[in-house]
Amino acid sequence: MLVHNEAQQKGNIRRGIQGLQTQNGQCRPAGRQYARFPLIKHPPSPEWAPSLHITDYIAFWLRRQIPKEVRSRVRSECPRPSLSDKVAMNPELDAKVVVFISKNSKDPRKGLDKGLKSWQDWLLNLIGPLTKTFEMAEEAYLNETSVDPKELHQWAQTTLSLLGNANTALSNERRKHILHNIDLKLIALASKEGGPSRQGHLFGDYFSKDMARGF
């Protein structure tokens, strides 16, 4: 059933929260309030850009890898929340599948799957700050209170930084895969970020010049 007004929508959310049932020590929604994708009331938006200082901030962090010690500190400050069915955990490869595949090939937990698991971890680390942001908005919406702008700002920055870290790691791996097929000596170039000169390309002119020197 579609939600026709804001009061009805809030009522549905409250009933969903109050109707949480416990199964095996975990909370599960009693109804279907959360099973439907939320309706977006805004009309289709044309191409847009945020304000200049936000554009600069995102452009800086979206292609930047965060040092390991900083990532560890962020995870300790805002770890992944405890969710039902272990949905926030990185799925482990089933032992039966490992045994089945290992009979005819190498251990599937090495190589490609190991790399993919690391990238999935970086993606799942976004759940912590995203959930914090969602929870703040949800409480303010239901209780008709204001949100602490400073705290919201900090969680948004943290989320963008973690997103940039995952994005950069994936770009590096894409370049590694391509350079591996060209010449193994060029793989070292994969971790170099071309900055604005890339202009939406995976390599850009910066890489082209280095690749030419590599040959």
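Residues numbered from 1 in each chain as written. Predicted model: local features only at pLDDT ≥ 70, side-chain atom pairs only at ≥ 80, totals over all residues. Heavy atoms only, no water.

**Observations concerning the confidence of the model for the protein chain**
Under the convention used in this document: For every residue, the predictor reports its confidence as pLDDT, a number between 0 and 100. Each helix is a run of H or I in the DSSP string that is no shorter than four residues. Each strand is a run of E no shorter than two, and both are numbered from the N terminus. Pairs of residues are marked as contacts when any of their non-hydrogen atoms sit within 4.5 Å.
Residues with a pLDDT of 70 or more make up 69% of the protein chain, whose mean pLDDT is 77. The lowest-confidence element of the protein chain is strand β1 (residues 21-23), averaging 41 in pLDDT; the highest-confidence one is helix α6 (residues 127-143), averaging 93. Ignoring residues within four places in sequence, the model shows residues 15-32, a span with pLDDT below 50, making 23 contacts including any to other chains.

**A few points about the side chain of Asn-90**
Inclusion rule: Buried, partly exposed and exposed residues are distinguished by accessible area as a fraction of the type maximum, computed with a 1.4 Å probe on protein chains only: under 20%, between the cut-offs, and over 50%, respectively. Here a polar contact is taken to be a pair of N or O atoms separated by no more than 3.5 Å, where protein atoms must pair a possible hydrogen donor with a possible acceptor and residues adjacent in sequence count only if both atoms sit in side chains.
Along the chain, Asn-90 falls in the loop between α3 (68-77) and α4 (95-102). Residue Asn-90 is classed as buried on the basis of its relative accessible area of 9%. A polar contact of 2.7 Å, which involves the side chain of Asn-90, links it to the backbone oxygen of Lys-117. Beyond its immediate stretch of four places on either side in the chain, Asn-90 contacts Arg-80, Lys-117, Gln-120, Asp-121 and Leu-124.

**Description of the packing of helix α2 (residues 52-61) against helix α7 (residues 149-182)**
So the rule is basically this: Axes, fitted as lines to C-alpha atoms, cover a helix only where it is in contact. Angles between the N-to-C directions of the axes lie from 0 to 180 degrees. All amino acids are sorted into three groups, where Ala, Val, Leu, Ile, Met, Phe, Trp, Tyr, Cys and Pro are nonpolar, Asp, Glu, Lys and Arg are charged, and the leftover types, Gly among them, are polar.
Where α2 contacts α7, the axes come no closer than 8 Å and their chain directions differ by 40°. Along its contact with α2, which presents Tyr-57, Ile-58 and Trp-61, the element α7 presents Gln-157, Leu-160, Ser-161 and Gly-164. Each residue belonging to the contact of α2 with α7 can be placed in one class, and the counts come to 4 nonpolar, 3 polar and no charged.

**Re the packing of aromatic side chains**
Condition: Only Phe, Tyr and Trp rings take part, Trp by its six-membered ring, and two of them pair if their centres are within 6.5 Å. Stacked means planes under 30 degrees apart, edge-to-face means over 60, and tilted covers everything else.
Summed over all chains, the structure comprises 2 aromatic pairs. Aromatic side chains Tyr-57 and Trp-61 sit 6.4 Å apart centroid to centroid with 45° between the ring planes, which places their arrangement in the tilted category. Residue Tyr-57 and its partner Trp-61 are both found in helix α2; the two are separated by 4 residues, about one turn of the helix. The class of Trp-61 is partly exposed, set by a relative accessible area of 24%. Summarising the aromatic geometry, the rings of Phe-60 and Trp-61 are spaced 5.2 Å apart at their centres and angled 85° between planes, so their arrangement reads as edge-to-face. An aromatic cluster is defined as three or more aromatic residues linked by ring pairs; in this entry it consists of Tyr-57, Phe-60 and Trp-61.

**A few points about the packing of α6 against α7**
Test applied: Roughly parallel refers to an angle under 35 degrees, roughly antiparallel to one over 145, roughly perpendicular to one between 65 and 115, and oblique to any angle outside these ranges. Should the near helix be turned counterclockwise from the far one by less than a right angle, the crossing is left-handed, whereas a clockwise turn marks it as right-handed.
Relative to each other, α6 and α7 sit at 150°, their axes nearing to 9 Å. One element, α6, and the other, α7, form an angle in the roughly antiparallel class. Seen from above, α6 lies across α7 with left-handed handedness. In this structure, α6 contributes Pro-129, Leu-130, Lys-132, Thr-133 and Met-136 to the contact, and α7 contributes Glu-151, Leu-152, Trp-155, Thr-158, Thr-159 and Leu-162. Broken down by class, the residue content of the contact of α6 with α7 amounts to 6 nonpolar, 3 polar and 2 charged.

**A look at unusual backbone geometry**
Positive phi, normally seen in glycine, also occurs at Lys-86, with a value near 55°. Checked against the element boundaries, Lys-86 lands in the loop between α3 and α4. Look at Lys-86 and you get exposed, because its relative accessible area is 57%. In this model, Glu-144 sits at a positive phi of 55°, which is unusual for a non-glycine residue. Overall, Glu-144 belongs to the exposed group, its relative accessible area being 62%.

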